[in-house]
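Survey of secondary and tertiary structure
Take a look at the letters that make up each chain.
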Amino acid sequence: AAAEARGEMRELAAQLRATSSAAETAWSDYRGRFEEVDAALSNALTSLANASRDHAGHVNERVGQVDAQLGRAVSRLTAALDPLNEFADQMGELVQELQRVDQAAPE
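Scoring rules and cut-offs
Per-chain numbering applies: the sequence of each chain, read as written, is numbered from 1 onward. Local features in this predicted model are restricted to residues whose pLDDT is 70 or higher, and side-chain atom pairs enter the listing and the counts only when it is 80 or higher, whereas totals over whole chains, interfaces and linings include all residues. Side-chain descriptors were evaluated using all non-hydrogen atoms of the structure, hydrogens and water having been removed beforehand. The term salt bridge refers to a pairing of a side-chain nitrogen on Lys or Arg with a carboxyl oxygen on Asp or Glu at a separation within 4 Å. Counting from the N terminus, the helices are DSSP H or I runs at least four residues long and the strands are E runs at least two residues long. Remark: exposure states derive from per-residue accessible area (1.4 Å probe, protein chains only) relative to the maximum for the residue type, with buried under 20%, exposed over 50%, and partly exposed in between. Candidate patch residues must exceed 30% relative accessible area and have no salt bridge, after which like charges are joined if within 9 Å and Val, Leu, Ile, Met, Phe, Trp or Tyr side chains if within 5 Å. Every accessible area reported is derived by Shrake-Rupley at a probe size of 1.4 Å, with residue values counting cover from the shown protein chains alone. Here the positive residues are Lys and Arg and the negative ones are Asp and Glu; neither His nor the chain ends is included. Taken as the charge location is NZ of Lys, CZ of Arg, CG of Asp or CD of Glu. Two N or O atoms count as a polar contact when they lie within 3.5 Å, although within protein this holds only if one can serve as hydrogen donor and the other as acceptor, and sequence-adjacent residues are included solely when both atoms are side-chain atoms.

**Some details on the pattern of salt bridges**
- Scanning all chains against the criterion turns up one salt bridge.
- Of the charged contacts, one joins Glu97 and Arg100 as a salt bridge, the two residues approaching to 2.7 Å between their closest N and O atoms. Of the two residues, Glu97 and Arg100 are both situated in helix α1 (residues 2-104); the distance of three residues between them amounts to about one turn of the helix.
- Under the relative-accessibility criterion, Glu97 is labelled partly exposed at 37%.

Printed below as a string of structure tokens:
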């Protein structure tokens, strides 16, 4: 009976070693897969960050161009409006002069 028990214990120990080895292999495979996923995720996030930075740079550049063009347009508009402002001032002075003449005229 003791010999039989020792045999069963050896068989159980062998089965435990086989189970342990299989579990170790499975975990090693999973670790490899997760390392690949981690690397792929890291690459994807790096690419996304680079693309976002590039896009922001392009947007800032374009906003600067639009701002410069708007500045030029405002300068041109101001230059075009100056004569109109002078004309309006002259017309205001003329209206005041006409009102004074009209008030001074006998009825």
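**Notes on a negative patch on the surface**
- Negative charge collects at one region of the surface, where Asp82, Glu86, Asp89 and Glu93 lie side by side.
- With respect to the helices and strands, Asp82 occurs in helix α1.

**Re the environment of Thr46**
- Positionally, Thr46 belongs in helix α1.
- Along the primary structure Thr46 and Ala2 are separated by 44 residues, whereas in three dimensions their C-alpha atoms are 64 Å apart.
- In this structure the side chain of Thr46 is engaged in a polar contact, spanning 2.9 Å, whose partner is the backbone oxygen of Ser42.

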